[in-house]
Amino acid sequence: MAVIQTLGELRRSGHCSRPVKQEVRDNLVRKLQAGDPLFPGIIGYDETVIPQLINAILSKHNFILLGLRGQAKSRILRGLVDLLDEQIPVMPGCEIHDDPHAPLCGACRARIALEGDDTPIAWLSRDLRFVEKLATPDVTIADIIGDVDPIKAARGGHLLSDELTMHFGLLPRANRGIFAINELPDLAGKIQVGLFNIMQEGDVQVKGYPVRLNLDVALVFTANPEDYTARGKIITPLKDRIGSEIVTHYPYTVELGAAITRQEAWLERTGRPLKLPDFVAELIERVAFEAREDKRVDRRSGVSQRLPISVLENVVSNAERRTVTTKEKTVVPRISDIYAALPAITGKLELEYEGELQGPESIAKDLIRRAAGKTFESRVGGANVDDIVHWFDEGGALKLSIDERSETCLKGFSVVPGLLDLVDQVGLAAKKDPGTMVAACELVLEGLVAEKRISRNEELGYVRARAEPKGPGYGKTGSGGGGPNLFQ
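Scope of this entry: the structure provided in the associated data block. (Residues numbered from 1 in each chain as written. Predicted model: local features only at pLDDT ≥ 70, side-chain atom pairs only at ≥ 80, totals over all residues. Heavy atoms only, no water.)

### Structural notes on the overall build of the protein
Definition in use: Helix and strand labels come from DSSP, where a helix needs a run of H or I of at least four residues and a strand needs a run of E of at least two; each type is numbered from the N terminus. Relative accessible area decides the class of each residue, using a 1.4 Å probe on protein chains only: under 20% of the type maximum gives buried, over 50% gives exposed, and in between gives partly exposed. Where accessible areas are quoted, they stem from the Shrake-Rupley method and a 1.4 Å probe; at the residue level, only the protein chains shown are allowed to cover.
Per the secondary structure count, the protein includes 23 helices and 13 strands. Taking all 488 residues of the protein together, 50% fall into the buried category. Surface summary for the protein: the accessible area is close to 23000 Å², and the carbon and sulfur share equals 50%.

### Focus on the side chain of Arg292
Put simply, the rule reads: His is not counted, nor are the chain ends, whereas Lys and Arg count as positive and Asp and Glu as negative. Salt bridge, as applied in this entry: a Lys or Arg side-chain nitrogen positioned within 4 Å of an Asp or Glu carboxyl oxygen. Counting of polar contacts relies on pairs of N or O atoms within 3.5 Å, with two restrictions inside protein: one atom must be capable of donating a hydrogen and the other of accepting it, and residues adjacent in sequence are counted only when both atoms are side-chain atoms. Here a residue-residue contact requires only that any non-hydrogen atoms of the pair lie within 4.5 Å.
By secondary structure assignment, the location of Arg292 is in helix H14 (residues 278-293). With no salt bridge to any partner, buried Arg292 finds its closest opposite charge in Glu285, at an N-O distance of 5.0 Å. Among the polar contacts listed, one links the side chain of Arg292 to the backbone oxygen of Val303, at a separation of 3.1 Å. Contact partners of Arg292, with chain neighbours within four places excluded, come to Tyr250, Pro251, Arg299, Val303, Ser304 and Gln305.

### A closer look at the layout of surface pockets
Definition in use: Residues are called lining when one of their atoms sits within 4 Å of a cavity or pocket point, these points coming from a 1 Å grid over the protein atoms alone, where a cavity is a set in which a 1.4 Å probe fits but cannot get out and a pocket is an open set with protein on both sides within 12 Å along at least five of seven lines. Grid points are joined across faces, edges and corners, and a volume is the space filled by probe spheres set on the points. When residues are grouped by polarity, Ala, Val, Leu, Ile, Met, Phe, Trp, Tyr, Cys and Pro land in nonpolar, Asp, Glu, Lys and Arg in charged, and all others, Gly among them, in polar.
Size it by volume and the second largest pocket reaches roughly 500 Å³. Gly70, Gln71, Ala72, Lys73 and Arg306 are the residues nearest the centre of the second largest pocket, which is lined by 25 residues in total. Elements with a minimum of two residues in the lining of the second largest pocket: helix H4 (73-79), helix H13 (254-264) and helix H15 (306-326). Take the lining of the second largest pocket: its biggest share by element is four residues, from H4. Of the residues belonging to the lining of the second largest pocket, the class tally is eight nonpolar, 10 polar and seven charged.

### What to know about the sheet that holds strand E4 (residues 130-134)
Short version of the rule: Two strands are said to pair when DSSP picks up at least two bridges between them. Every angle, taken between N-to-C directions, lies between 0 and 180 degrees, and every axis is a line fitted to C-alpha atoms, over only the stretch in contact when it is a helix.
Strand order in the open sheet made by the five strands is E4-E7-E10-E1-E11, with parallel pairing throughout. The open sheet is flanked by E4 and strand E11 (244-247), the only strands paired with a single partner. The sheet shows a mean angle of 20° between the axes of neighbouring strands, direction not considered. Judged from the five bridges that link them, strand E7 (residues 177-182) and strand E10 (residues 217-223) form a sheet pairing that is parallel. Among the inter-strand pairings, Ile178 is bridged to a residue of E10, identified as Ala218. Of the strands in this sheet, strand E1 (63-66) and E11 are in contact with helix H3 (residues 49-58), which crosses E11 at around 165°.

### A short note on the state of the cysteines
Cut-off, in case you're wondering: Any pair of cysteine sulfurs within 2.5 Å is marked as a disulfide.
By the definition in use, this model includes zero disulfides. Of all cysteine sulfurs, the one in Cys105 lies closest to Cys108, which takes part in no disulfide; the gap is 3.2 Å. Under the relative-accessibility criterion, Cys108 is labelled buried at 7%. You can see Cys441 has no disulfide; the closest cysteine sulfur is in Cys409, sitting 9.4 Å from it. Overall, the relative accessible area of 0% leaves Cys441 in the buried class.

### Points about the environment of Asn384
Examined against the element boundaries, Asn384 turns out to sit in the loop between helix H19 (360-380) and helix H20 (386-393). Measuring from C-alpha to C-alpha, the distance between Asn384 and Gly418 comes to 9.4 Å, with 34 residues separating the pair along the chain. Among the polar contacts listed, one links the side chain of Asn384 to the backbone nitrogen of Asp386, at a separation of 2.9 Å.

### Looking at helix H21 (residues 406-413)
What counts, and what does not: Our arc is simply the arc of the directions from the helix axis toward the C-beta atoms.
Listed in full, the buried residues belonging to H21 are Ser406, Cys409, Leu410, Gly412 and Phe413. Along the axis of H21, the buried positions cluster into a sector of 155°, meaning they face one direction only. Contact partners of the buried residues in H21: helix H22 (419-425) and helix H23 (434-450).

### What about the packing of aromatic side chains?
Let me state the cut-off plainly: Classification of ring pairs uses Phe, Tyr and Trp, with its six-membered ring standing for Trp, and accepts pairs whose centres are within 6.5 Å; under 30 degrees between planes counts as stacked, over 60 as edge-to-face, and the remaining range as tilted. Whether a charge sits over a ring depends on NZ of Lys or CZ of Arg being within 6 Å of the ring centre and within 35 degrees of the ring normal.
Applying the stated rule across the entire model yields one aromatic pair. The interplanar angle of 80° and the centroid separation of 5.0 Å between the aromatic rings of Trp391 and Phe392 together place this pair among those described as edge-to-face. Judged by its relative accessible area of 21%, Trp391 falls in the partly exposed class. Positioned over the ring face of Tyr250 is Arg292, at 4.1 Å from the centre of the ring. Taking the ring centre of Phe289 as reference, the NZ or CZ of Arg292 above it sits at 5.5 Å.

### Observations regarding empty space enclosed by the protein
According to the stated counting rule, one finds one cavity of 30 Å³ or more in the structure shown. Forming the boundary of the largest cavity are Lys21, Val24, Ile57, Lys60, His61, Phe63, Leu80, Ile178, Ala218 and Val220. Contributions of two or more residues to the lining of the largest cavity are made by helix H2 (20-34) and E10. Along the lines of polarity and charge, the residues of the lining of the largest cavity split into seven nonpolar, one polar and two charged.

### Considerations on the pattern of salt bridges
In total, this model carries 29 salt bridges according to the counting rule given. Asp117 is the salt-bridge partner of Arg11, the closest N and O atoms lying 2.7 Å from each other. Within this pair, whereas Arg11 is found in helix H1 (residues 7-12), its partner Asp117 is found in the loop between helix H5 (106-115) and strand E3 (122-125), the two being separated by 106 residues in sequence. Between Asp386 and Arg453 there is a salt bridge; the shortest N-O distance is 3.4 Å. Separated by 67 residues along the polypeptide, Asp386 in helix H20 and Arg453 in the loop between H23 and strand E12 (454-457) bring together distant segments of the chain. Classification of Asp386 by relative accessible area gives partly exposed; the value is 46%. Beyond isolated ion pairs, a larger network of salt bridges with shared partners links Glu290, Asp294, Arg296, Asp366, Arg369, Arg370 and Lys374.

### Remarks on the environment of Lys21
Position of Lys21 among the secondary structure elements: in helix H2. When the C-alpha atoms of Lys21 and Val217 are compared, they prove to be 7.6 Å apart, with 196 residues separating the residues in sequence. Setting aside residues up to four positions removed in sequence, Lys21 forms contacts with Lys60, His61, Asn62, Val217 and Ala218. Separated by 3.0 Å, the side chains of Lys21 and Asn62 make a polar contact.

### Description of the packing of H21 against H23
Let me state the cut-off plainly: Throughout this description, any angle smaller than 35 degrees is read as roughly parallel, any larger than 145 degrees as roughly antiparallel, any in the 65 to 115 degree range as roughly perpendicular, and the remainder as oblique. Definitions for this section: a left-handed crossing has its near helix turned counterclockwise from the far helix by less than a right angle. A right-handed crossing has that turn clockwise.
H23 packs onto H21 with a crossing angle of 40° between their chain directions and a minimal axis gap of 9 Å. Here H23 runs oblique to H21, going by the angle between their axes. In this structure, H21 meets H23 at a crossing whose hand is left-handed. Two secondary-structure elements touch here, H21 through Ser406, Glu407, Cys409, Leu410 and Phe413 and H23 through Pro434, Gly435, Met437, Val438, Cys441, Glu442 and Leu445. Each residue belonging to the contact of H21 with H23 can be placed in one class, and the counts come to eight nonpolar, two polar and two charged.

What follows is the structure in structure tokens.
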């Protein structure tokens with residue numbers, strides 16, 4: 001169609017314009033019939049969010065995605081672009097992408113009246129038909145709808161009352177496309193009022209003009225449920241005009257979460273090849289799952305999926321640093337590298353009062369330890385570890401550096417009876433893979449620490465389990481868990 005350059009050619013081609021919601025609906029139906037993927041890269045929503053989203057589009061609704069941070073709300077909205085036509089005809093130079101068949105603005109109507117079928121047309125790609133705005137309290141009606149532009153009036157020699165002096169806001173500029181507003185509750189009430197008419201009647205009135213623009217636009221929003229339910233955040237008449245409310249969620253299973261994290265994390269790096277043990281990836285994901293269930297973490301704020309993504313990137317970076325300094329050939333992350341990624345955890349936790357008293361670093365270490373215990377249980381649960389525990393009970397101690405080569409670490413782990421054999425028997429790592437063997441041995445020891453069958457402290461490393469302190473336990477108890485500083 002892009003070979004068509006004039007209005008006359010467009011008319012003779014039989015081209016007909018469709019409302020944007022009808023266009024998105026038609027393209028969605030075609031994708032469903034063909035079995036094409038609808039939202040590539042969105043994992044874990046196939047049976048929950050995606051069906052509701054499809055229903056909203058088929059119903060030609062304006063809709064809102066309601067969910068905590070890090071639940072792919074903005075990514076879903078941006079994925080709607082793929083449901084638009086590749087190109088549509090527009091009036092060249094028009095700020096609101098006027099339809100040549102039925103122009104809205106006075107300048108385009110005057111041009112067509114003057115040039116007729118010889119009026120040139122342009123073609124607008126789908127990527128330019130998506131307008132996104134982050135709602136903030138300082139957004140004005142002029143930003144969203146429009147206002148009088150005295151400078152345009154002076155330059156063109158027009159009266160201020162002339163339609164040609166209008167300054168169009170973001171909403172008119174999204175005409176014939178999709179207009180997305182992120183964090184809708186942060187939009188001032190009077191601005192929310194300005195959205196009423198476009199959602200109900202399909203038109204807006206620009207301030208100071210007796211002209212109503214019958215815009216063709218699909219409105220989509222995102223919001224945090226806490227803000228959404230707070231009184232006065234989203235005004236009731238606007239909520240009533242939103243056709244569908246779709247609730248997003250965090251991954252229901254560790255496997256889904258790990259798949260999202262692997263997809264989003266930056267792992268394809270130049271230099272040495274990366275070998276990420278699957279149990280390390282599982283442990284990282286379980287940190288987020290443990291945080292979402294922890295009473296010391298503010299559940300209303302949520303724990304973003306960005307937490308395990310950032311942790312995984314930091315873990316790989318720490319392993320990469322060690323590999324460079326030790327001159328090993330392959331980057332293999334270990335459990336101890338997860339403790340080195342504490343900065344990627346502490347900054348993403350909104351803590352309750354109890355959590356603030358303990359401190360984010362202490363809580364982050366506890367989350368890693370608990371995640372290690374869950375991973376140990378799922379991978380090694382039921383295996384006989386009595387020989388390992390007995391060796392520590394008899395006074396054995398083990399302390400290794402985080403920056404040692406894999407072969408050196410294996411020599412240290414080999415003094416613990418049955419440890420290397422256990423790792424091989426349960427399938428965590430093969431004896432021919434020293435890097436993964438080291439990570440697997442660390443997992444076993446961390447799991448035993450989490451189960452309080454052995455202890456760990458900064459001075460001695462892994463040692464025998466300590467007796468639980470008696471009494472109220474005020475202050476520091478001195479029990480063996482406090483992070484893997486023994487590896488530093």
